[in-house]
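Observations on the model geometry
The primary structure of each chain is shown beneath.
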Amino acid sequence: MASLIFSFILFLSSCLIPIHSLSTVSISETSNNQTLICSLTQQQSFLNCTSFPSGIRIPVSTDTSFTGLVGGYGFLCALRSGSSSSSSVMTCWRFSANGNNMSTKRIYTGPALKELRAGNSSVCGLVDGTNRLQCWQWHGFNSNTSHSNFSKSIAVGDKFVCGVSEIGEVTCTGSNTKVIDTKHIRGNYSHVSAGTNYACAISWSNGSLDCWGEMKGDKPQGKFTSLALGDNRSCGLRPNGTVVCWGEDGFSLPQSLRETSFTSIEAKSSVFCGVLSKNFSLYCWGNQVFDTQDNFLVFSAVKPGPCRRDCPLHSSLLPGYGNFCEQGYVVCQPCEWTTIVVQSVPGPTPQPPRESKWSKKMVAFLVVGCVGSSAFLLVCGYFVFKNCQIRGSRIHDSGRLDDIESQANQPGSGQLQSQRAQQPPVLEKRLSHLISLGANGGSLEEFSLPVLLEATNNFSEEHKIGTGSYGSVYYATLDDGNREVAIKRAESSASSSSVGGHTRRQEDNDSAFVNELESLSRLHHKNLVRLLGFYEDAKERILVYEYMNNGSLHDHLHKITISPLMSWSARIQVALDAARGIEYLHMYAVPPIIHRDIKSSNILLDDKWRAKVSDFGLSLMGPGEDECYLPQRAAGTFGYMDPEYYRLQQLTTKSDVYSFGVVLLELLSGYSAIHKNENGVPRNVVDFVIPYIVNDEIHRILDPKVPPPTPFEIEAVAYVGYLAADCVSLEGRDRPSMTEIASNLERALAYCLASPPSSRTESLT
């Protein structure tokens, strides 16, 4: 009998599991006690909004179908499908305190989100397939360090997020100690919901509630299928569709709604809304606007739930789902309750497992603490060593950041000069270190100076093809004209005035020379320019590279009028090649390398028009992602330099991401990073182009030298535009990684080269 009882409980509990992973209703509020309520229309899933009292500017979103909505204080976010059902795009609208001003921003484009929830100020979602937690508008929150085992349900409150794992455990993370420090959240749960400073979970076995944090009012008994929690007040949906409410000052459901059956409920702050079962109209209650008028109807018809491919186990199809979804999609509803007579059958009674004194959580904390402390000490030691070893460099075309001559005239400068003269040159020390590594420089050829002089006609101007981070670049042929090479020659120390026998400029050049020699001698990737060899003595620093026949991306964008790069697919391919090269530097080089000078003139094209990243003179070995920082004096090129790096003097891989975003804007618009407007005033391409992209007007700034995009090409081009906008976000933590960038460019290129989409759902955006 025990075994049958267990099966019966399993069946009943499955009826208590919420099936709506995305909400079709959202509630937003302002500090002026204005409320914006939005829902999806029944047929096309268009956005439909109204405000109470009237005055909030309604988001404009005609003929766009959405899959889910969330809202908070002063914002509304809507999710829609991307290029296919396996990708999602999220757009958010922000409005001012008085509701009059509204701005729009696309904050996510990537793999499909299967769950989306919002607190008062932040939004979090679960990526379908991986169950990776990702949050937006949450300063200081790092999804990479949070729990990744959320799979059934998530909830977002004030500076905390909770989730239910596959085995039914609830875990909370964030900085709200009123919630995350509570110990009474262990158990087996099907669903979790969050208020401002508290959370509640529904038991998987019997549908009862467990709550923790600062919840107001007496927790009701009985079974629940879903919850809606606000500020100090709560409501729960019973299995029969009725709603019960509780909270501060005796809060309860209005009398006229207590026998009403709902399919789902939502809450934000003091406002609660529910979708009626009988006609799918939307009723709201909880504040004076609704309660004093005793008129709770907001919309006469809303979408009763999200459209999905199939229904979970122990759920059923909503009758008439074809009226709400396109072909192949359905709306689901919980299973119907059925009276079951259980016969008595002998069987063993399951015994509860013994509980160890050391719980999984305690063991995890111990392991993570020990490993984390050790890793932290190792990382700090490494970066202290590198910071003492590596010297910062200058900003290109801006001169030196400090005045060496003024320092030379200061008291005590003579002693400093004497100390410098006694120290071994930077180049000599670092070259000795490089040679001692053996393997790094072992595969490089050490050229003789006479051979290089002959090949370049004594470095004549007719052989000069460009400039790099620390010198000029020359074209040459070696081995009786069978091998084409590019030769970079550093600026001679004789050309600079000396301070203490060794100039700061020369130290910069020496450092850049060894940086490039160190970096390229150990890097091997098809999208990085290959270093062939070098020559150095007391006066000359020379590097020899493979020759890139088709010059730089900068020339093809801004100088050459007829080029194979006059198609959108060719330009996206170049961007993808460069992204893969930079991704290799950030993710696969050991230690990671930050280029620091990504720009269109440092992206070169070979004879097959494939792009490779070049010029590693300013590169540094440093931290990977942006959780660790390496202080350095700013270096790079104006127009491409990360403003956060320049302002804070803290370098991360996201600085390269910003620079690459500027390159993407060049590819799209044809404008240089710094160019002059129609009045001859210098203008930054970021400031000029980004407003058009975020307002979905990218067609107005596309490079006129490229033929207008076809209907399916414009989708790919717009997709790259949104990606560029993310790359140039002011804060590094809001920018994607190079791995994410490469993946998105692959998707855009595939779409650009494909045949026209056959249906609306195949749209990239």
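First, a word on scope: everything that follows refers to the structure included in this document. These figures come from a predicted structure and were not determined experimentally.

1. Here's the deal with the overall build of the protein chain
- Each helix and strand in the protein chain was counted, giving 17 helices and 41 strands.
- Out of the 765 residues belonging to the protein chain, those deemed buried represent 53%.
- A sequence separation of at least 24 residues applies to 55% of the contacts in the protein chain between residues at least 6 apart.
- Carbon and sulfur atoms make up 52% of the accessible area of the protein chain, which amounts to about 35,100 Å² in all.

2. Re helix α15 (residues 685–694)
- Within α15, the full set of buried residues consists of Val685, Val686, Phe688, Val689, Ile690 and Ile693.
- On the buried face of α15, the contacting elements are α14 (653–669), β40 (674–676), β41 (682–684) and α16 (711–727).
- The backbone nitrogen of valine 686 has a side-chain oxygen 2.7 Å away, supplied by the residue at the start of α15, namely asparagine 684.
- Just downstream of α15 lies aspartate 696, where phi reads positive at about 55 degrees.

3. What about unusual backbone geometry?
- A positive phi angle, near 60 degrees, is found at serine 45, a position not held by glycine.
- Although it is not a glycine, phenylalanine 459 adopts a positive phi angle of roughly 55 degrees.
- Overall, phenylalanine 459 belongs to the buried group, its relative accessible area being 7%.

4. A short note on the pattern of salt bridges
- All chains considered together, the criterion is met by 16 salt bridges.
- Residues aspartate 703 and lysine 705 are paired through a salt bridge, measuring 3.1 Å at the closest nitrogen-oxygen approach.
- Owing to a relative accessible area of 2%, aspartate 703 belongs among the buried residues under this scheme.
- The class for lysine 705 is partly exposed, based on a relative accessible area of 36%.
- Shared partners join several salt bridges into a network, and the residues in it are Arg571, Asp703 and Lys705.

5. What to know about the state of the cysteines
- Taken as a whole and judged by the stated rule, the model has seven disulfides.
- A disulfide bridge connects cysteine 38 with cysteine 49, and the sulfur atoms are separated by 2.0 Å. Sign of the S-S torsion, about 115 degrees for the bond between cysteine 38 and cysteine 49, identifies this disulfide as right-handed. Placement of cysteine 38 in strand β2 (residues 35–40) and of cysteine 49 in strand β3 (residues 47–52) is noted, with a sequence separation of 11 residues between them.
- Overall, cysteine 49 belongs to the buried group, its relative accessible area being 12%.
- The disulfide bridge from cysteine 235 ends at cysteine 245, spanning 2.0 Å between sulfur atoms. Between cysteine 235 and cysteine 245 the disulfide shows an S-S torsion of about 105 degrees. By sign, it is right-handed. Note that cysteine 235 is positioned in strand β18 (residues 233–237) and cysteine 245 in strand β19 (residues 243–247), a separation of 10 residues in sequence. In this pair, the class of cysteine 235 matches that of cysteine 245, namely buried.

6. Regarding the side chain of arginine 571
- Within the secondary structure, arginine 571 sits in helix α12 (residues 568–587).
- Those residues in contact with arginine 571 that sit more than four places away from it in its chain are Leu557, Leu565, Met566, Glu666, Leu667, Asp703 and Val706.

7. A closer look at the packing of aromatic side chains
- The tally for this structure, following the rule as stated, stands at 11 aromatic pairs.
- Arranged with centres 6.5 Å apart and planes meeting at 15 degrees, the rings of phenylalanine 272 and tryptophan 285 form a pair that is stacked. Highlighted residues: phenylalanine 272 in strand β21 (residues 271–276) and tryptophan 285 in strand β22 (residues 282–285), separated in sequence by 13 residues. With respect to class, phenylalanine 272 is no different from tryptophan 285; both count as buried.
- When the ring of phenylalanine 688 is compared with that of tyrosine 692, the centres are 5.7 Å apart and the planes differ by 75 degrees; the resulting orientation is edge-to-face. Of this pair, phenylalanine 688 and tyrosine 692 both sit in helix α15, four residues apart, roughly one helical turn.
- A relative accessible area of 22% places tyrosine 692 in the partly exposed class.
- Among the aromatic residues, ring-to-ring pairing joins Phe251, Phe262, Phe272 and Trp285 into one connected group.

8. Side note on the pairing of strand β29 (residues 471–478)
- Along β29, six of the eight residues are buried, which leaves the element largely enclosed by surrounding structure.
- Here strand β28 (residues 464–467) pairs with β29 via three bridges, running antiparallel. Considered in β29, the bridge of threonine 467 is made with serine 472.
- In terms of strand pairing, β29 meets strand β30 (residues 483–490) through eight bridges, oriented antiparallel. Counted as the bridge partner of threonine 477 is glutamate 484 from β30.

About the thresholds
Residues numbered from 1 in each chain as written. Predicted model: local features only at pLDDT ≥ 70, side-chain atom pairs only at ≥ 80, totals over all residues. Heavy atoms only, no water. Helix = DSSP H or I, 4+ residues; strand = E, 2+ residues; numbered from the N terminus. Buried < 20%, exposed > 50% of the residue type's maximum accessible area, 1.4 Å probe, protein only. Contact = heavy atoms within 4.5 Å. Areas by Shrake-Rupley, 256 points an atom, 1.4 Å probe, with all protein chains shown as cover. Polar contact = N/O pair within 3.5 Å; in protein donor to acceptor, adjacent residues only side chain to side chain. Salt bridge = Lys/Arg side-chain N within 4 Å of Asp/Glu carboxyl O. Disulfide = S-S within 2.5 Å. Phe/Tyr/Trp six-rings, centres within 6.5 Å; stacked < 30°, edge-to-face > 60°. Pairing = 2+ DSSP bridges.

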